[in-house]
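Examination of the molecular architecture
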Amino acid sequence: KCILESAKMLNLDSSVDASLNLQSRPDVQTCTYWKAAIIWEGMFDPRLYDDMHKSKGSSVALTVFAVGRYLDAYLHKFLNSSEQHFMVGLPVTYYVFTDMPEMLPDIKLSPLRSLKFIKVKKNSRWQDVSMMRMKSISDVIESDIRHHCTYVFCFDVDQVFTGRFGSEALGDSVALLHAHYYHLPKHLYTYDRNPNSKAYMETGDFYYHAAVFGGSWKSVKALTEACYQGIMEDKQNNVEALWHDESHLNKYMLLHKPSRVLSPEYCWDTNIGYRSDIQVTRLLWAPKHYDTLRSP
Ligand code: 2GW
Ligand code: MN
């Protein structure tokens, strides 16, 4: 019902979902109040999405940052696993941002897939490493991605693909439900509640995880630009949002509702333990060793 209604509302993603027979699931929320689908295992036929995107000629850019110790710690496993599971069958270009291009791992890429690296400076504060991704992503969309790719997906590097992360995830503007918050009451969401920050919000729809976001290159450009502006304004006012870029992403998604939402299958933390609604895991948090990774 939700899907038919949204097709009427001309949300483009939803009319595609209706024509590809996206199903509901009884045990989880599969639709937002603004009629965007929330994608869970069992709702979609992967072949239909793959065939549709192949015939449309969709192509996907993946951005990932591996600066300082995160390069050695995570990049190899991230890229190897994404070769196995991320958008298999579609053209994919990796945009790897690093301060040490000479240390990039040697990865064998499948046909239709290529890798570009972009050299970035290592910010001394880790909060800035994370936040400045918004600026670098918007720059590379403008200079390169928009000429070559239909969609862009932006990832944290400290994760590993373990199952299909496929074309069913593509949409105009895509956000991910944070694994630790999707089943909690809203008052526990860790939005930035400092009125002096541009990321300030009292309440919202969901708590989204900044480890994965995406969409058409146009939408992602608008999002990264707006978040970067918010971050810079905060700096001028000497404030920093509670969860940095993630707080700004949540604020942006409150004001610009995503057209597609990914269930926590798309970025699961096994430390949470068993949950009956998680039938597959597609991307997993990699272990953190903050003591060695975050010390100067
Ligand atoms: C980050 C924190 C402390 C020390 C180092 C770094 C660091 C991050 C780094 O040295 N090099 C680097 O390349 N990064 C990149 O920033 C890398 O891609 C990493 O995945 C990303 C975010 O940092 P991470 O994964 O350590 O932060 P999380 O997992 O706690 O991330 C959530 O919160 C962040 C803001 O605090 C971001 O919003 C992130 O997207 C969220 O998943
Ligand atoms: Mn992370």
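Computed from a predicted model, the values in this text were never measured in an experiment.

Definitions and cut-offs
Residues numbered from 1 in each chain as written. Chains lettered and ligands numbered in written order. Predicted model: local features only at pLDDT ≥ 70, side-chain atom pairs only at ≥ 80, totals over all residues. Heavy atoms only, no water. Helix = DSSP H or I, 4+ residues; strand = E, 2+ residues; numbered from the N terminus. Rg over C-alpha atoms; globule rule 2.2 N^0.38 Å. Contact = heavy atoms within 4.5 Å. Areas by Shrake-Rupley, 256 points an atom, 1.4 Å probe, with all protein chains shown as cover. Lys, Arg positive; Asp, Glu negative; His and termini not counted. Charge placed at Lys NZ, Arg CZ, Asp CG, Glu CD. Pairing = 2+ DSSP bridges. Axes fitted to C-alpha atoms, helices over the stretch in contact; angles between N-to-C directions. Donors = N, O, S within 2.8 Å, 3.2 Å for Na, K, Ca; no water. Buried < 20%, exposed > 50% of the residue type's maximum accessible area, 1.4 Å probe, protein only. Right-handed = clockwise from strand over helix to strand, strands pointing away. Salt bridge = Lys/Arg side-chain N within 4 Å of Asp/Glu carboxyl O. Core = buried A, V, L, I, M, F, W, Y, C linked by side-chain atoms within 4.5 Å. Phe/Tyr/Trp six-rings, centres within 6.5 Å; stacked < 30°, edge-to-face > 60°. Lys NZ or Arg CZ within 6 Å of the ring centre and 35° of its normal.

Turning our attention to the overall build of the chain. Counting secondary structure elements, the chain contains nine helices and 10 strands. Against the 2.2 N^0.38 benchmark of 19 Å for 296 residues, the chain shows a C-alpha radius of gyration of 18 Å, consistent with a compact globule. Summarising its shape, the C-alpha atoms of the chain cover approximately 50 × 50 × 40 Å along the three principal directions. When contacts within the chain are restricted to residue pairs at least 6 apart in sequence, those whose partners lie at least 24 apart make up 74%. Within the structure as shown, the chain displays about 13,600 Å² of accessible surface, and the carbon and sulfur contribution to it stands at 54%. Placing the 33 positive and 34 negative side-chain charges of the chain at their respective mean positions leaves the two points 2 Å apart.

The next subject is the sheet that holds strand S9 (residues 260-262). Read across the sheet, eight strands follow the order S1-S9-S7-S8-S5-S2-S3-S4 without closing on themselves; strand pairing throughout is mixed. Two strands bound the open sheet, and with one partner strand each, they are strand S1 (37-39) and strand S4 (113-119). On average, each strand axis in the sheet is inclined to that of its neighbour by 20°, with strand direction left out of account. As paired elements, strand S2 (residues 60-65) and strand S5 (residues 151-155) share five bridges and run parallel to each other. Looking across to S5, one finds that Val64 is bridged to Phe155. Each of S2, strand S3 (92-98), S4, S5 and strand S8 (208-216) is contacted by helix H6 (residues 133-148), which is oriented at about 155° to S2, the strand it contacts most.

Next up on the list: the coordination of the manganese ion (ligand 2). Every protein donor of the manganese ion (ligand 2) is accounted for by Asp156 (OD), Asp158 (OD) and Asp158 (OD), and the metal-donor separations fall at 2.1 to 2.4 Å. For the pair shown, Asp156 and Asp158 are each scored as buried.

An α-helical turn contains 3.6 residues, so a residue and the one three or four places further along point in the same direction. In terms of burial, helix H8 (residues 245-255) is a largely internal element, nine of the 11 residues being buried. Inspection of H8 places Asp245, Glu246, Ser247, His248, Leu249, Asn250, Lys251, Tyr252 and Met253 among the buried residues, and these make up the whole buried set.

Burial within S3 is extensive, with seven of its seven residues counted as buried. Pairing between S2 and S3: six bridges, direction parallel. Across the sheet, the residue bridging to Thr63 is Tyr95, located in S3. Once you follow S2 into helix H4 (residues 69-85) and on to S3, the crossover reads as right-handed.

To continue, consider the pattern of salt bridges. Side chains bearing opposite charge may pair, as long as their charged atoms lie close to each other. One pass over the structure, following the stated rule, counts 23 salt bridges. Across the salt bridge formed by Arg125 and Asp128, the nearest N and O atoms sit 3.3 Å from each other. For Arg125, a relative accessible area of 34% translates into the label partly exposed. Asp277 is paired through a salt bridge with Arg275; the nearest N and O atoms lie 3.3 Å apart. By relative accessible area, which is 26% here, Arg275 ends up partly exposed. Each of Arg125, Asp128, Lys235 and Glu240 takes part in one network of salt bridges that share partners.

What follows is about the nonpolar core. Grouped burial of nonpolar side chains is what soluble globular proteins tend to show. Phe86, Met87, Phe153, Phe155, Phe165, Val212 and Leu262 are the most contacted members of the largest nonpolar core, which totals 83 residues. The biggest single contributor to this core is H4, with six residues. Aside from chain neighbours lying at most four places away, what touches Phe86 is Val60, Leu62, Val92, Arg113, Phe153, Phe155, Phe161 and Phe165. Formed by five residues, the second largest nonpolar core is a distinct cluster that contains Tyr181, Tyr189, Tyr191 and Tyr207.

A separate point is the environment of Asn238. Among the secondary structure elements, Asn238 is positioned in the loop between helix H7 (217-236) and H8. Along the chain, Asn238 and Leu115 lie 123 residues apart, while their C-alpha atoms are 37 Å from each other.

Let's shift gears to the packing of aromatic side chains. Counted under the stated rule, the structure contains 24 aromatic pairs. With a centroid separation of 5.2 Å and an interplanar angle of 70°, the aromatic rings of Tyr70 and Tyr74 are classed as edge-to-face. Of this pair, Tyr70 and Tyr74 both sit in helix H4, four residues apart, which is roughly one turn of that helix. Assigned by exposure class, Tyr70 and Tyr74 land together as buried. Measuring from centroid to centroid gives 6.4 Å for Tyr189 and Tyr207, while their planes differ by 50°, and the two rings are tilted. Residue Tyr189 is located in the loop between strand S7 (173-177) and S8, and its partner Tyr207 is located in the loop between S7 and S8; the two are separated by 18 residues in the primary sequence. Judged on exposure class, the residue Tyr189 and its partner Tyr207 are both buried. The aromatic ring of Trp34 is capped on one face by Lys257, whose charged end is 5.3 Å from the ring centroid.

The analysis is restricted to geometry; functional conclusions fall outside its scope.
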